[in-house]
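Chain and residue survey
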Amino acid sequence: MARKLDSFGTRRTLSVGEKTYHYHSLPALAGQAGLGDLTKLPTSLKVLLENLLRQEDGRGVTEADIRAMTMWKAEATPDKEIAFMPARVLLQDFTGVPVVVDLASMRDAIERMGGDPAKINPLVPVDLVIDHSVQVDVYGTDAAFLLNSQLEYERNRERYAFLRWGQKAFSNFRVVPPDTGIVHQINLEYLASVAFIKEDDGASWVYPDTLVGTDSHTTMINGLGVVGWGVGGIEAEAALLGQPISMLIPQVVGFKLTGKMPTGATATDLVLTVTQMLRKQGVVGKFVEFYGPGLANLSLADRATIGNMAPEYGATIGFFPVDEKTLEYLRLTGRGESVELVRAYYTAQGMFHTADSPEPSFSATLELDLATVEPSLAGPKRPQDRVPLSDSKRSFRRALHTMLEPKLTGVSKETVTRWLDEGGALTSQQSNEGTLHTDDVHQVQTAVAEADLGLLGCTADVAEADYVLRHGSVVIAAITSCTNTSNPSVMVAAGLVAKRAVELGLETKPWVKTSLAPGSKVVTEYLKQAGLTPYLDGLGFNLVGYGCTTCIGNSGPLPEAIAAAVTEGDLVVTSVLSGNRNFEGRINPHVKANYLASPPLVVAYALAGTMDIDLNRDPLGTGKDGQPVYLADLWPTSDEIQAVVTESVRSSQFESQYANVFEGDLIWQTLPTPTGDRFNWDADSTYIKNPPYFDGLAVEPTDPGDITGARVLAMLGDSVTTDHISPAGSISAKGPAGRFLMARGVRPDDFNSYGSRRGNDEVMVRGTFANIRLRNLVAPGTEGGVTTYLPSGEQMSIYEAAEKYKTDGTPLVVLAGAEYGTGSSRDWAAKGTTLLGVRAVIAESFERIHRSNLVGMGVLPLQFLPGETRASLGLTGDETFDIGGIAE
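A brief structural summary. All residue numbers here refer to positions counted from 1 along the written sequence of the relevant chain. Restriction of local features to residues with pLDDT of at least 70 applies here, the model being predicted, together with a cutoff of 80 or more for giving and counting side-chain atom pairs; totals for whole chains, interfaces and linings are based on all residues. Side-chain calculation: all heavy atoms of the structure are included, whereas hydrogens and water are not.

A closer look at the overall build of the protein
In DSSP terms, a helix is any run of H or I states spanning at least four residues, a strand is any run of E spanning at least two, and both are numbered starting from the N terminus. A tally of regular secondary structure across the protein gives 31 helices and 32 strands. The atom set for the radius of gyration is the C-alpha atoms, and the globule formula is 2.2 Å times the number of residues raised to the power 0.38. Here the C-alpha radius of gyration of the protein, 27 Å, is about what a compact globule of 888 residues would show, namely 29 Å. Along the first, second and third principal axes, the C-alpha atoms of the protein reach 85 × 70 × 60 Å. Relative accessibility under 20% of the residue-type maximum defines a buried residue, over 50% an exposed one, and the middle range a partly exposed one, all with a 1.4 Å probe and only protein chains included. The buried share among the 888 residues of the protein stands at 60%. Sequence-distant contacts, at least 24 apart, represent 76% of the contacts inside the protein between residues at least 6 apart. Working definition of accessibility: Shrake-Rupley area with a 1.4 Å probe, residue cover restricted to the visible protein chains. For the protein, the computed accessible surface area is about 32800 Å², with 49% contributed by carbon and sulfur atoms. Positive and negative side-chain charges of the protein, numbering 76 and 106 respectively, have mean locations separated by a distance of 2 Å. Between two residues, a contact is recorded if the distance between any of their heavy atoms is within 4.5 Å. Asp and Glu count as negative and Lys and Arg as positive, but His and the ends of the chain are not part of the count. The location of each charge is read from NZ of Lys, CZ of Arg, CG of Asp or CD of Glu.

Quick look at the sheet that holds strand β32 (residues 880–883)
The pairing criterion is simple: DSSP has to find at least two bridges between the two strands. Strand order in the open sheet formed by five strands is β31-β30-β29-β26-β32, and the pairing between neighbours is mixed. Where the open sheet ends on each side, the last strands, each with one partner, are β31 (860–863) and β32. In this sheet, adjacent strand axes meet at a mean angle of 35° when their direction is disregarded. The pairing of strand β30 (residues 838–843) with β31 spans four bridges and is classified as parallel. The partner of Val-841 across the bridge, within β31, is Pro-861. Axes, fitted as lines to C-alpha atoms, cover a helix only where it is in contact. Angles between the N-to-C directions of the axes lie from 0 to 180 degrees. Strands in contact with helix α29 (residues 798–808) are β26 (707–715) and β29 (812–815); relative to β26, the strand with the most contacts, it is inclined by about 170°.

Side note on the pairing of strand β13 (residues 287–291)
The buried fraction of β13 amounts to five of the five residues, a majority that puts the element mostly inside the structure. Across the two faces of β13 the burial is the same, with Phe-287, Glu-289 and Tyr-291 and Val-288 and Phe-290 all buried. One ladder, built from five bridges, connects strand β12 (residues 252–258) with β13; its direction is parallel. Considered in β13, the bridge of Phe-255 is made with Phe-290. As defined by bridge partners, β13 adjoins strand β14 (residues 317–319) across three bridges and the pair is classed as parallel. Each residue of the ladder has a partner; that of Glu-289, found in β14, is Phe-319.

Here we look at helix α17 (residues 488–504)
End to end, α17 covers 24 Å across 17 residues, agreeing with the expected 24 Å (1.5 Å per residue, within 8%). Residues Pro-488, Val-490, Met-491, Val-492, Ala-493, Ala-494, Gly-495, Leu-496, Val-497, Ala-498 and Ala-501 constitute the buried set of α17. Remark: Gly-505 follows α17 within two positions and exhibits a positive phi of approximately 95°. Expected span of a helix: the number of residues minus one, times 1.5 Å.

Side note on the nonpolar core
Counting 271 residues, the largest nonpolar core has Phe-290, Tyr-313, Phe-541, Leu-615 and Tyr-820 as the members making the most contacts within it. Among the elements that line this core, the one with the most residues is helix α4 (residues 93–112), at nine residues. Beyond its immediate sequence surroundings of up to four residues, Leu-615 is in contact with Leu-389, Leu-601, Ala-604, Tyr-605, Ala-608, Leu-620 and Leu-631. Take the buried residues of types Ala, Val, Leu, Ile, Met, Phe, Trp, Tyr and Cys, join any two whose side-chain atoms come within 4.5 Å, and each joined set is a nonpolar core.

Topic: the pattern of salt bridges
The term salt bridge refers to a side-chain nitrogen of Lys or Arg lying within 4 Å of a carboxyl oxygen of Asp or Glu. Tallied over the entire structure, the rule returns 36 salt bridges. Between Glu-324 and Arg-343 there is a salt bridge, and its shortest N-O distance comes to 2.7 Å. With a gap of 19 residues between them, Glu-324 in helix α11 (residues 324–332) and Arg-343 in helix α12 (residues 339–348) connect regions that are remote in the sequence. The salt bridge partner of Arg-394 is Asp-391, with a shortest N-O separation of 2.8 Å. Through salt bridges with shared partners, a single ionic network connects Lys-381, Glu-584, Arg-773, Arg-775 and Glu-783.

Some thoughts on the state of the cysteines
What counts as a disulfide here is a pair of cysteine sulfur atoms lying within 2.5 Å. Inspection of the entire model under this criterion finds zero disulfides. As a non-bridged cysteine, Cys-551 has Cys-548 as the owner of its nearest cysteine sulfur, 5.0 Å distant.

Re the sheet that holds strand β6 (residues 173–176)
Spatial strand order, β6-β5-β4-β9-β10: five strands in an open sheet with parallel pairing. Because the sheet does not close on itself, it has two edges, and the strands there are β6 and β10 (227–230). Strand-to-strand, the axes of this sheet are offset by a mean angle of 20°, without reference to chain direction. For strand β5 (residues 126–129) and β6, the ladder comprises four bridges, and the chain directions are parallel. Looking at β6, one finds that Asp-127 is bridged to Arg-174.

Focus: the side chain of Asp-827
Inspection of the secondary structure assignment puts Asp-827 in the loop between β29 and α30 (828–835). Judged by its relative accessible area of 1%, Asp-827 is buried. When sequence neighbours within four positions are dropped, the list of residues in contact with Asp-827 reads Gly-232, Gly-233, Ile-234 and Asn-853.

Quick word on a nonpolar patch on the surface
On the surface, Met-113, Leu-697 and Val-699 cluster together to form a nonpolar patch covering roughly 290 Å² of accessible area. Mapped onto the fold, Val-699 is located in the loop between α25 (666–669) and β26. Residues qualify for a patch when their relative accessible area is over 30% and they have no salt bridge, like charges being joined within 9 Å and the nonpolar side chains of Val, Leu, Ile, Met, Phe, Trp and Tyr within 5 Å.

Some points on the packing of aromatic side chains
The criterion for an aromatic pair is that two Phe, Tyr or Trp rings (for Trp, the six-membered ring) have centres within 6.5 Å, with stacked assigned to planes under 30 degrees apart, edge-to-face to planes over 60 apart and tilted to the rest. Under the counting rule described, the total for this entry stands at 22 aromatic pairs. When the centroid spacing of 5.3 Å and the interplanar angle of 90° are considered together, the rings of Tyr-345 and Tyr-346 count as edge-to-face. Each of the two residues, Tyr-345 as well as Tyr-346, counts as buried. Put simply, a charge is over a ring when the Lys NZ or the Arg CZ is close to the ring centre, within 6 Å, and near the line of the ring normal, within 35 degrees. The residue whose ring lies beneath Arg-54 is Tyr-207, and the NZ or CZ to ring-centre distance is 3.5 Å. The lysine or arginine in question, Lys-804, covers the ring of Tyr-789, its NZ or CZ lying 5.0 Å from the ring centre.

Section: the packing of α17 against helix α23 (residues 638–648)
Taken N-terminus to C-terminus, the directions of α17 and α23 make an angle of 110°; their axes are 9 Å apart at the nearest point. By the angle class used here, α17 and α23 are roughly perpendicular. For the pair α17 and α23, the crossing hand works out as right-handed. Residues Pro-488, Ser-489, Val-492, Ala-493, Leu-496 and Arg-500 of α17 form the contact with α23, whose participating residues are Glu-640, Ile-641, Val-644 and Val-645. Ten residues, namely Ala, Val, Leu, Ile, Met, Phe, Trp, Tyr, Cys and Pro, are considered nonpolar, four, namely Asp, Glu, Lys and Arg, are considered charged, and the remaining ones, Gly among them, are considered polar. Of the residues assigned to the contact of α17 with α23, the class counts are seven nonpolar, one polar and two charged. We call two directions roughly parallel when the angle between them is under 35 degrees, roughly antiparallel when it is over 145, roughly perpendicular when it lies between 65 and 115, and oblique otherwise. Crossing handedness follows the turn of the near helix against the far one: under a right angle anticlockwise gives a left-handed crossing, and clockwise gives a right-handed one.

Let's talk about unusual backbone geometry
Residue Pro-380 is bonded to the preceding Gly-379 through a cis peptide linkage, with omega at 10°. Relative to the helices and strands, Pro-380 is located in the loop between β16 (376–378) and β17 (386–388). A positive phi angle, close to 50°, is found at Asp-570, a residue other than glycine. Here the phi dihedral of Phe-769 falls at roughly 60°; this positive angle occurs in a residue that is not glycine. With respect to the helices and strands, Phe-769 occurs in the loop between α28 (761–767) and β27 (786–789).

Brief notes about the pairing of strand β28 (residues 794–797)
Two strands pair when backbone bridges link them, and β27 and β28 are joined in this way by four bridges, in the antiparallel orientation. Bridge pairing in β28 places Tyr-789 opposite Glu-794. Taking the residues that link successive antiparallel strands as the turn, the β27-β28 hairpin has four residues, and the phi of Gly-793 there is positive, at about 80°.

Encoded structure:
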């Protein structure tokens, strides 16, 4: 390790209580001549500056790097590269298992090369939270949690044993067992320290808590004043092995908040509004820092909700500075002993935010009056597509029209358009401009019946049920995801809506699959304390597990009769979830329209059973007194919600639930676990396999060579997500991955998910580009993982074509539009790409994390020149490509 330098003489000591800490002082740096005005530097950049001061060694971090950071120009195009070393690394099991697989494989490779395998070991603290493997198989019963947990262990026993091996084999590596909570909520409520303490050469150092995580929503911790963001597993492996993360000093967009949230609006509505605004602004690769008088009116949980969805608005982070709200939250969550140190350190550094703090300089600014936030949804395919609740019915009909337009025959386009814009009941007899007349209504209804247009009149009978499904039927209503279950206000609001619904005699529609998957056990504690659990249970929102369920695609199967009716009727049914992701094919293979909503709205749509409803005007159902019940009859006031939160959420709940967080239940504790510094690979395993990345690894890097004669494996449109490239959800028995598993004796019922199989490269490469909603223009008219093997013109699976190209010795490229690789920080989207033989991806633009992952796996991420696209260049996908100068 290089000796750390102190070229600017900023090393100081800080005494708190009876302890003394060493730190690098930013005010001491600011007082030196020739440096920039640090009082105007955004707080998030001050964290990076401190990191450089502490890591200065004359090689990786130089005096010039520090000077460049102090001289940051807000409007300048980023061009200065720095090395950032996070204090810790955070993993979840879907992304964490392949990280541990890679580390185990590295140990084997090092030994083959004559080195010491023990040198492959985390050099910074690593926490892995098992939260992505629980699936909603059982719901609507008090036994759901127990049964889902049992199924989770049965399916994932091999993976869990492997992680327990890793916990023993590697130092600096902790595992939070299954059925504890969601990684980001546990990070927020327990793991994060805000002020990080490390012993070094006999001295106690204090500095800002920072991290990177193998989940894009690592940014949730930004709400606590902690700088951290999502990276791919490849970058995370480098960081935990002591390698700094290379980055450009970013631009910082300031987001000014004023005012106070109105009654009826929730933190979910706020974050959907923020996401829409920032996506429109364009913040990919930038920091976003929130400021302004409105900060004082947002709880820490509200801030964390906004920070969580930074990937959805495209920013690297969505940062809130440390202030009194931060300290209040530390006390609430059982970390009160750290408050004195946090206050003293951040005050000493000039980073503790108060109402008198100077306003930083920003690269650009946006402003939002919180009082203007209105109830909203987002969907049906992207989290940035916000829909005001007042326009939800009309918006759904328009989306449905787009999905079904090829089927529209036998009725005038003008009439259908007017009907869709009306968004009201088909029985309307108003004659105002833009509203359907009685004759028009009859024409549309007749056309729907006679031509089977597939509009809202299209239904399907459900076997052995006294109801039918139709377009817009809500078949999944899930209160899930770290984004919202970390926030007591929206969880209590959901409970209060459920309470009033039950008291008035409403019931959840029988075709709705309901679930409650909190982010931590604390949530169930305060819902129980508030007396709201029986009412949520009464509507079918029983506890199904602690983890990332529906939001990651672990919604579980729909009841067979429901799924059969959806398939038979070719229906566009919907899901409503309190999550952060609703990409195509992610939530459930039978559900084509997915909407993000606050937990209380999830309850409301479960009662309504359809998206074809205006919740502001139409009744949710009929009460036991025979009168219609509206959403306004159920919705609690802000004061009511806050009163319940104040009474029910207690510090003791956090203290008791996190007292033994790493111990796990009896099943975890007694799980048979391999031993030894090197893992004993099982050749027959379909979960854990030694990957091929280090086979034949040379001590010195080899020349990558130029690309000649490459063919197009896939030609894709805009907004292709990592879910499209490497799905996390269910595995089809008809696809290459399903056939591979069945050939090895795995029954379809035991396939589990792609996410759980990420420790086996043979499964994952067969699942690359296997999303059921992928549209590959090289195979026009198809949907799913299909391509054309160009030499013969034969259509086949992408995996099969890639294998044929390998046999031919033909390299491959992928062509794409804008925002390629949006979504999760999924390293398998890059690993699978390279294992298919793809050497380059040529797109109009990339999301930051996926671009880095491609580079890490040796795939060139190339961009079209500004103003040019594959369409403007006339590319058809039939061409061959030569790319030279790669080695240089």
